[in-house]
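# Understanding the architecture of this molecule
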Amino acid sequence: MKFRMHPTNRRGSSTRAGGKGNTLSSITSLACLSSLFIVSTTPYFFASAALNQKSVLQNFYNQLNGDNWDKPWNTDGDDECNWEGVVCDTNGHITEINLPDNNMAGVISPHVYSLPHLANLDFSKNRITSAGWDKIDDVLDGDDLVANVEVIDLTNNLINSVKGVDRLKDSLTELHMTYNNLKGEMPAELFKLKHLEILAISENEIDGKIDTRIGR
């Protein structure tokens, strides 16, 4: 088990990054607002089984403000295995998504963790505010998570919680979160990552000592 309590250079150097009329009008306004809310939150609540891997990537793209990426995808176009940063095996299964320093902002879609052959994620040096781990159960629709994600690099982002990361306890071996907004005591979820070998969480505001339970 290796702990990195200093900046990591694993994939490059890291930097910190009244009347009836009014009543009817009010009801109409509320209805419109309700419709907008449903549209904006619906992507989280599709059952993952209903999405093929291209749909998962489209959902991921939309959640992270894809049209403003430095290297955007043509999500209506060709084979997703040809999209920037996407790596597939010889059978066309997505095994890696590498999009460092790409002006990505927002929340990672929890659907991405349902890709059964995905092993590596590199979203370092962006403006991601949530890894989406806490929403994984919302999209499983009662199914078990079959995850093979081994390495996640979220170095230099804006994430303030690791809640739900223990849903990846059976596969995750490396977690890189140097230069984020983690605060307080060592998160209990990290103790459940039984295969964790490398944890890089320096340059946050975590208090206390490294707990020997991590990785056991």
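Look up: the structure comes first, before these words.
So, here's what we can say about the structure. (Residues numbered from 1 in each chain as written. Predicted model: local features only at pLDDT ≥ 70, side-chain atom pairs only at ≥ 80, totals over all residues. Heavy atoms only, no water.)

Another aspect to go through is the overall build of the chain. Secondary structure summary: the chain contains 3 helices and 11 strands in total. Counting from the amino terminus, helix and strand elements in the chain follow one another as β-α-α-β-β-β-β-β-α-β-β-β-β-β. Out of the 216 residues belonging to the chain, those deemed buried represent 43%. Just so you have it, the chain exposes about 11200 Å², and 48% of that area is on carbon and sulfur atoms. (Helix = DSSP H or I, 4+ residues; strand = E, 2+ residues; numbered from the N terminus. Buried < 20%, exposed > 50% of the residue type's maximum accessible area, 1.4 Å probe, protein only. Areas by Shrake-Rupley, 256 points an atom, 1.4 Å probe, with all protein chains shown as cover.)

By the bridge criterion, 3 bridges tie strand S2 (residues 86-88) to strand S3 (residues 94-98) in an arrangement that is antiparallel. Within the sheet, the bridge partner assigned to Val87 lies in S3 and is Glu96. A loop of 5 residues connects S2 with S3, the two strands running antiparallel in sequence, and Gly92 in this loop sits at a positive phi of about 85°. Direction of pairing for S3 relative to strand S5 (residues 120-122): parallel, over a ladder of 3 bridges. Counterpart to Asn98 in the pairing with S5 is Asp122. (Pairing = 2+ DSSP bridges.)

Turning our attention to the side chain of Ser109. Following the sequence through the fold, Ser109 ends up in the loop between strand S4 (105-107) and S5. Residues within four places of Ser109 in sequence aside, it is in contact with Asn59, Phe60 and Gln63. (Contact = heavy atoms within 4.5 Å.)

Moving on to the environment of Arg167. With respect to the helices and strands, the residue Arg167 is situated in the loop between strand S7 (151-153) and strand S8 (174-176). Other than its neighbours up to four places away in sequence, Arg167 contacts Ile136, Asp137, Leu140 and Leu145. A distance of 2.9 Å separates the side chain of Arg167 from the side chain of Asp137, its partner in a polar contact. (Polar contact = N/O pair within 3.5 Å; in protein donor to acceptor, adjacent residues only side chain to side chain.)

Let us look at the side chain of Ser124. Relative to the helices and strands, Ser124 is located in the loop between S5 and strand S6 (127-130). Among the residues examined, Ser124 registers a relative accessible area of 4% and is labelled buried. Looking at Ser124, its side chain comes within polar contact range of the side chain of Asp122, at 2.8 Å. Excluding its chain neighbours within four sequence positions, the residues that come into contact with Ser124 are Leu99, Pro100, Asp101, Asp153, Leu154, Thr155 and Asn157.

The next thing to look at is the packing of aromatic side chains. In this description, a pair of aromatic rings is defined by centroid distance and the angle of the planes. Scanning the entire structure with this criterion turns up 7 aromatic pairs. Between Phe60 and Trp69, the aromatic rings sit 6.1 Å apart at their centres with planes inclined by 70°, giving edge-to-face as the arrangement. For the pair shown, Phe60 and Trp69 are each scored as buried. Relative to Trp69, the ring of Tyr61 lies with its centre 4.8 Å away and its plane at 70°, an arrangement referred to as edge-to-face. Its relative accessible area of 3% is what places Tyr61 among the buried residues. By relative accessible area, which is 4% here, Trp69 ends up buried. One aromatic cluster in this structure is built from Phe60, Tyr61, Trp69, Trp73, Trp83 and Phe123. (Phe/Tyr/Trp six-rings, centres within 6.5 Å; stacked < 30°, edge-to-face > 60°.)

Any functional reading would require information that these geometric values do not contain.
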